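Structural overview for review
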Amino acid sequence: MELYSKIVSRVPIHKGWSVDRKYCITTADGSRYLLRVAPLNRLKRKEKEHEIMRRCAALEIPMSRSVEFGTCEDGAYSIQSWIEGCDAEEAIMAMDGARQYRYGLDAGRILAKIHTLPAPEDAPDWEGRFNAKIDRKLAMYDACPLKYEGGEAFLRCIGENRHLLKGRPQTVHHGDYHIGNMMFDDAGVLTVIDFEKHDHGDPWEEFNRIVWCAQAAPAFASGMVEGYFDGDVPMEFWRLLALYICSNTLGSLPWALDYGGDEVQVMRAQAAQVLRWYDNMRRAIPTWYQQR
């Protein structure tokens, strides 16, 4: 608790969906950090997050750095480096397409580095694990009182592509990799934040949230794919990505019900956008992708 004991002020941060309470803290020497406080039952999860962030930082990835973690009177805490800069999601939309694309290349290369870290040796087989996840989401969607217009296209795509899960490798995952969890620091460097949802699995599944990037800046999303694959994108990636996006989209509507009508409309609009990109899931490569 060396750093924690030196906190002299804390300012709450209310952005994001995390269950963590977040604060900008200042220590006695005037340094600023990000403090995250979680329920005590998440201590082991916080310890693992600290470990993964340290391993990623060793790869010289531009990111928030985990400095300290432990327990305090409020639960399990972690202290991370404070990034001076701005949210990437807001800034990217003010840039021209060429600059968006260059930052997308950076995002893809960063993700490729993260995926050099292997999954635990005892990780369950991916095919069985993700098929079970699909089944849960199908059951949730079936039980949901709301449905997507054109939702049968998602169901068809899943049914036609589940076989692609067989034999997929597994690596460490950031867990929530998209433009909303990135910043530009004061030097203009794209920087990754928020490893709270860290996991492991098929590295290509980590692209399932690229829809948020494509909605904000298609050139950024295109660059992210090309940066990850160094310009040589395999067709199998696109087919698997469609499967992962369909699964994620189906699960989003039941999730949104718990957060009210506004979130339901967000997910409906996103699902409609996905169907347009993929021509009702009849094409493998989405229309937002522009090879450069």
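What this report covers is the structure whose coordinates are included nearby.

Definitions and limits used
Residues numbered from 1 in each chain as written. Predicted model: local features only at pLDDT ≥ 70, side-chain atom pairs only at ≥ 80, totals over all residues. Heavy atoms only, no water. Helix = DSSP H or I, 4+ residues; strand = E, 2+ residues; numbered from the N terminus. Rg over C-alpha atoms; globule rule 2.2 N^0.38 Å. Contact = heavy atoms within 4.5 Å. Areas by Shrake-Rupley, 256 points an atom, 1.4 Å probe, with all protein chains shown as cover. Expected span 1.5 Å × (residues − 1). Buried < 20%, exposed > 50% of the residue type's maximum accessible area, 1.4 Å probe, protein only. Axes fitted to C-alpha atoms, helices over the stretch in contact; angles between N-to-C directions. Parallel < 35°, antiparallel > 145°, perpendicular 65-115°, else oblique. Left-handed = near helix turned anticlockwise from the far one by under 90°. Nonpolar A, V, L, I, M, F, W, Y, C, P; charged D, E, K, R; others polar. Core = buried A, V, L, I, M, F, W, Y, C linked by side-chain atoms within 4.5 Å. Pairing = 2+ DSSP bridges. Polar contact = N/O pair within 3.5 Å; in protein donor to acceptor, adjacent residues only side chain to side chain.

A few words now on the overall build of the chain. On a plain count of helices and strands, the chain comes out with 9 helices and 10 strands. For 292 residues, the compact-globule formula gives about 19 Å, and the C-alpha radius of gyration of the chain, at 20 Å, lands near that figure. Along the first, second and third principal axes, the C-alpha atoms of the chain reach 60 × 45 × 40 Å. Pairs at least 24 residues apart make up 72% of the contacts formed inside the chain by residues separated by at least 6 positions. In the structure as shown, the chain presents an accessible area of about 13800 Å², 50% of it carried by carbon and sulfur atoms.

Another point: helix H9 (residues 261-277). In this model, H9 (17 residues) spans 24 Å end to end at C-alpha, consistent with the 24 Å of a helix rising 1.5 Å per residue. Summarising the contacts, the buried residues of H9 are in contact with helix H5 (152-161), helix H6 (210-216) and helix H8 (235-257). Just beyond H9, the residue with positive phi is Asp279, at close to 50°.

It is worth spelling out the environment of Phe69 at this point. Tracing the chain through its elements places Phe69 in strand S4 (residues 66-72). On the basis of relative accessible area, Phe69 is assigned to the partly exposed category, the value being 26%. Taking the C-alpha atoms as reference points, Phe69 and Lys46, separated by 23 residues in sequence, lie 7.4 Å from one another. Discounting residues that sit within four places of it in the chain, Phe69 has contacts with Leu43, Glu47, His50, Tyr77 and Ser78.

Of note, Glu60 is a non-glycine position whose phi angle comes to about 65°, a positive value. Residue position: Glu60 is located in the loop between helix H1 (43-57) and S4. The residue Asn280 is not glycine, and still its phi comes out positive at about 55°.

Take the packing of helix H3 (residues 97-114) against helix H7 (residues 218-229) next. The N-to-C vectors of H3 and H7 enclose an angle of 40°; their axes lie 6 Å apart at closest approach. The orientation of H3 relative to H7 falls into the category oblique. For the pair H3 and H7, the sense of crossing is right-handed. The segment H3 lies against H7, with Gly97, Gln100, Tyr101, Tyr103, Gly104, Leu105, Ala107, Gly108, Arg109, Leu111 and Ala112 engaging Ala219, Phe220, Ser222, Gly223, Met224, Glu226, Gly227 and Tyr228. Class assignment of the residues belonging to the contact of H3 with H7 gives a composition of 10 nonpolar, 7 polar and 2 charged.

The next point concerns the nonpolar core. The nonpolar side chains of soluble globular proteins are, as a tendency, buried together. Counting 73 residues, the largest nonpolar core has Ile210, Phe220 and Met281 as its most contacted members. The biggest single contributor to this core is H8, with 12 residues. Beyond its immediate chain neighbours, meaning those up to four positions away, Ile210 contacts Ala221, Met224, Val225, Leu241, Ile245 and Trp288. In terms of nonpolar packing, the next biggest core, distinct from the first, is built from 11 residues, Tyr4, Tyr33, Val37 and Cys72 among them.

Our next topic: the sheet that holds strand S2 (residues 21-27). Pairing within the open sheet is antiparallel, and its 5 strands lie in the order S1-S2-S3-S5-S4. Only two strands of the sheet have a single partner each, and these edge strands are strand S1 (7-13) and S4. Direction aside, neighbouring strands of the sheet carry axes that sit 25° apart on average. In this structure, S4 lies alongside strand S5 (residues 75-81), joined through 6 bridges in antiparallel fashion. Each residue of the ladder has a partner; that of Thr71, found in S5, is Ala76. Along the sheet, H1 makes contact with strand S3 (32-38), S4 and S5, crossing S4 at roughly 170°.

What follows concerns H3. In a regular helix each residue adds 1.5 Å, so 18 residues correspond to 26 Å; H3 covers 26 Å between its end C-alpha atoms and thus fits that length. For H3, the full list of buried residues reads Gln100, Tyr101, Tyr103, Gly104, Leu105, Ala107, Gly108, Ile110, Leu111 and Ile114. Buried residues along H3 sit against H1, helix H2 (88-92), strand S7 (171-173), strand S8 (182-185), strand S9 (190-192) and H7. Of the residues that open H3, the one with a side-chain oxygen 3.2 Å from the backbone nitrogen of Ala98 is Asp96.

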